[in-house]
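Per-entry structural report
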Amino acid sequence: MSHVGVGPRAVMRSVAFLTAGVLAVPALAGCTSEESAGKPLAAQDVGAATRASVSDGGTLRWAVDSVPDTLNTFQSDADATTTRVAQAVLPSMYRMDENGSPVRNPDYLESAEVVDTEPKQVVVYKLNQQAVWSDGREIGAADFAAQWRALSGKDSAYWTARNAGYDRIEKIERGADDLEVKVTFSRPYADWKALFSPLYPKDVMGTPDAFNDGARRSLKVTAGPFTVKKVDTKADQVVLTGNPRWWGAPAKLDKIVLRAVPRDERVSELVAGKLDLAEIDPETADEVTLAAAPRDPATGTPLMGPQGSPAAGAQGRSAAEALRSWAVANGSDEEAAEEEILAREERREAEAKAARRQKALSGFEVRKSLEPAYTQLALNGSGGPLADERVRRAVARALDREKLAETVLKPLGLPAEPVGSHLALSGQPAYADGSGALGEQNAKEARALLADAGWVRGGPVKKDGEKAAGAEKDEKDEKGENGEDKEKKKSEGDDDGTYIVGEDNKNAGDKNADSKNADSKNPDDKSDGATDRENGEKHSSGKNTAQGGAPGAYAPKGTAAPAGSVAAPLAKDGKALTLRFVLPSGPGSETLRTVADRITDMLKDIGIGTEITKVPDESYFKDHIAAGEYDLALYSWPASAFPATDARPIYAKPVPAADGSLNVAQNYTRVGTDQVDQLFDRAMTTLDQKEARDLLRKADSRIWAAAGSIPLYQRPQLTVARKNLANAGAFGFETPVYEDMGFLEKGAQGSRPSAPSTSSPSSSSSS
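What this report covers is the structure whose coordinates are included nearby. (Residues numbered from 1 in each chain as written. Predicted model: local features only at pLDDT ≥ 70, side-chain atom pairs only at ≥ 80, totals over all residues. Heavy atoms only, no water.)

Here's the deal with the overall build of the chain
A count of helical and extended segments in the chain gives 20 helices and 24 strands. Burial statistics for the chain: of 767 residues in total, 52% are counted as buried. With an accessible surface of roughly 33200 Å², the chain has 48% of that area assigned to carbon and sulfur atoms. (Helix = DSSP H or I, 4+ residues; strand = E, 2+ residues; numbered from the N terminus. Buried < 20%, exposed > 50% of the residue type's maximum accessible area, 1.4 Å probe, protein only. Areas by Shrake-Rupley, 256 points an atom, 1.4 Å probe, with all protein chains shown as cover.)

Observations concerning the sheet that holds strand β6 (residues 169-174)
Taken in spatial order, the 4 strands make up an open sheet running β4-β5-β7-β6, and their pairing is antiparallel. Strands with a single pairing partner mark the edges of an open sheet, and in this sheet they are β4 (109-116) and β6. Strand-to-strand twist of the sheet, defined as the mean angle between neighbouring strand axes without regard to direction, takes the value 20 degrees. Taken together, the 5 bridges between β6 and strand β7 (residues 180-185) define a ladder with antiparallel strand orientation. Residue pairing for β7: Lys 171 is matched across the bridge by Thr 184. (Pairing = 2+ DSSP bridges. Axes fitted to C-alpha atoms, helices over the stretch in contact; angles between N-to-C directions.)

What about the environment of Pro 282?
Along the chain, Pro 282 falls in helix α6 (residues 282-291). Placed 308 residues apart in sequence, Pro 282 and Glu 590 show a C-alpha to C-alpha distance of 9.7 Å.

Structural notes on the environment of Ser 435
With respect to the secondary-structure elements, Ser 435 resides in the loop between α10 (401-409) and α11 (443-452). Given the relative accessible area of 14%, Ser 435 is considered buried. Each C-alpha atom, one on Ser 435 and one on Pro 711, is 9.2 Å from the other, the two residues being 276 residues apart in sequence. The contact partners of Ser 435, leaving out residues within four places of it in the chain, are Arg 401, Gly 420 and Trp 704. (Contact = heavy atoms within 4.5 Å.)

What to know about the pairing of strand β19 (residues 632-638)
Most of β19 is tucked away: 7 of the 7 residues are buried. Here β19 shows two buried faces, one formed by Leu 632, Leu 634, Ser 636 and Pro 638 and the other by Ala 633, Tyr 635 and Trp 637. Relative to β19, strand β17 (residues 578-584) runs parallel, the two sharing 2 bridges. Looking across to β19, one finds that Val 582 is bridged to Ala 633.

Here we look at the packing of aromatic side chains
Tallied over the full model, the rule gives 19 aromatic pairs. Centroid distance Phe 185 to Tyr 189: 6.2 Å. Interplanar angle 35 degrees. Geometry classified as tilted. With 5.3 Å between their ring centres and 75 degrees between their planes, Phe 621 and Tyr 635 make a pair best called edge-to-face. Of the two residues, Phe 621 is situated in helix α16 (residues 617-625) and Tyr 635 in strand β19; the sequence distance between them amounts to 14 residues. Members of the aromatic cluster, connected to one another through ring pairs, are Phe 74, Tyr 94, Tyr 125, Phe 144, Tyr 166, Trp 192, Phe 196 and Tyr 200. (Phe/Tyr/Trp six-rings, centres within 6.5 Å; stacked < 30°, edge-to-face > 60°.)

Points about empty space enclosed by the protein
Here the largest cavity is characterised by a volume of approximately 180 Å³. In this structure, the largest cavity is lined by 20 residues; those nearest its centre are Gln 87, Leu 90, Ser 92, Arg 95 and Asn 105. Mapped by element, the contributors of at least two residues to the lining of the largest cavity are α1 (80-89) and β2 (94-96). Classifying every residue of the lining of the largest cavity gives 12 nonpolar, 5 polar and 3 charged. (1 Å grid on protein atoms, 1.4 Å probe; cavity = no way out; pocket = protein on both sides within 12 Å on 5 of 7 lines; lining within 4 Å. Points joined across faces, edges and corners; volume = space filled by probe spheres on them. Nonpolar A, V, L, I, M, F, W, Y, C, P; charged D, E, K, R; others polar.)

Concerning the pattern of salt bridges
Working definition: two side chains of opposite charge can pair if their charged atoms are close together. Counted according to the given criterion, the structure contains 28 salt bridges. Here Arg 722 ties to Asp 276 by a salt bridge, and the two come within 2.6 Å at their closest N and O atoms. With a gap of 446 residues between them, Arg 722 in strand β22 (residues 709-722) and Asp 276 in the loop between α5 (266-271) and β11 (277-279) connect regions that are remote in the sequence. The residues Arg 722 and Asp 276 share a single accessibility class, namely buried. Salt bridges sharing partners connect three or more residues here, namely Asp 65, Arg 263, Arg 266 and Glu 279. (Salt bridge = Lys/Arg side-chain N within 4 Å of Asp/Glu carboxyl O.)

Structural notes on unusual backbone geometry
For the bond from Glu 118 to Pro 119, the omega torsion is 0 degrees, close enough to zero to count as cis. Mapped onto the elements, Pro 119 comes out in the loop between β4 and β5 (122-127). For Arg 670, which is not glycine, the phi torsion reads 60 degrees and is therefore positive. Among the secondary structure elements, Arg 670 is positioned in the loop between β21 (662-663) and α19 (674-685). Classification of Arg 670 by relative accessible area gives buried; the value is 8%. Positive phi, close to 65 degrees, is recorded for Asn 727, a residue that is not glycine. Turning to its location among the elements, Asn 727 is positioned in the loop between β23 (725-726) and β24 (742-743).

Thoughts on the side chain of Gln 714
Secondary-structure assignment places Gln 714 in strand β22. Separated by 2.8 Å, the side chain of Gln 714 and the backbone oxygen of Glu 371 make a polar contact. If we ignore the near neighbours within four places in the chain, the residues touching Gln 714 are Leu 41, Leu 370, Glu 371, Pro 372, Ala 373, Tyr 374, Leu 409, Val 419, Leu 425 and Phe 733. (Polar contact = N/O pair within 3.5 Å; in protein donor to acceptor, adjacent residues only side chain to side chain.)

Encoded structure:
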């Protein structure tokens, strides 16, 4: 299961996503528009082919995570499959290009431009004169107006998930002719291109009843290359067929079947020949790659394994083991020979089954890119130790984000670069690395921040009357009293899926470990040498002024990390510094759990313990992340072409609700500032794109400095596709072109992107 916030925007960021005082950051790194947004780290991999080389007809069987509860992308229970359907069957004024930027969709829109800014912003859309709904009616101003009224937020009878942008529209009217739509805004709106994508017919948007219920299980009127034939909940599939009224390039496929298949069952469905395209996990990718690898003509075994590693022999048996088996089977010990003969027969059957499985998978290939989404470490700042921004910054500065990215991406042969922005990804216009506002990984500075916050070496008080941890206490006595008991408790474990990292090593070995860390240099530890000097420069005023540093990102001058505290758990007021790390337990979340293990090790190095709690996938987000029942968590957000609109609710400062609760919108870290809100508001209203980018980069730098969420890596996108399937696979930023998907003509070949030069493939796969 992938934990990405999901919501109604079809091709942009989905809708899923307190520091006290003012965060004054007058000058931060990564805020200038002169900095290049760079290029996407990985190109899309879809088996690209010209339409001429794609045959007409056929059915694409595409695995999805679920059959959607609604086909209305603007409802709260819309999901990723809702988006897939909408992209194939509904108009979209703009679509995403390979850089994650909006581009005009000429099938629907001849032009769109801002024609006035004073006294009001006015946008005029000129529609493609051939654009019609599947019932024959022209797409026009009535459809635009109906969608605006439904999503404006003025009528609570419409059960909408969001109204961003539509609430800024004052009126919509017919232009010079039926093909012109004139939209007047009550307030300036920079992200106007985000609107009307997708566009629903007035039949769906015209009344609350039609909006709420009319498009949940069917869409009678559409206007894309495909139309919805059936939503079959019994067969767990959505069937799309060609739209006979489609005016654009004809769809190559006759039919697309989106079938819900659990991720751990997809490889079996591929082997059975029941799927043509599916997102997969790294283990399945390895198996498919191995099946498609060149084979030894004599034995039929692959010459090389995934990522160029030597392939194992049949059933992993060496020549010596095979010879021994033959000798036993033909030896004088009849009982042993009989057992070995039976074992050999079982192995032959297993090998035959494996050979059939490999043969079935040899017709597929892995297509990979990077998703337009990133995984972050979320730090819940609503209470506990993480309410102190110094502790959050210490956690952030303990992380080696480059190593975490490598853990996930390097084994897959994908570029392993940490994400430098909360609001955009490399290649998008708004992207700039703002992480300098927080500072690089530096364990020494992290420990000093914790010391400044009052967290010092010691253990939690276990009994009434025992001296509070963190107070002056003889180190030898503390170890003698607590070490054995804690070690014993750890070894006993518990049965609720929870264990604590960072509360072991309390015996005499603890002293040795401290001495080793204090006196020797670890080449992987950036707390020594040049890194410390670079990040630890002090101004004569006593404030740290390392480039990109924000006030408070560093401990005050003179605050040293306590001697001998490198790996010792910390405590304050009788309580140990232990953070609850909540993770999903499902079979599709192995990667998150691997990353969490690396993070716990990094935090342990600065004395922070972690209590790992694994919870069911279905309750992970609703009952823990959204409810604030966690200290640390890993989940993902999709990137957006319109971050001023889509990212604001994710990072907006929580405000008290009328009932006394805290309204967090999608800011599940509960960390926000007035300054960030103001920068988003200004970026949303300026029509100067350069100014908007500068404002967003400043907002991102302040989000970094607040240390509520730490972007780690862009998510890998792994798909398996039939080798003759064209124009489908790992789409990256770009919106899929459904009418171009199909199966290659005999003898034709699709193109594949070259391997990224920045990656260094490893022989092992991440989990």
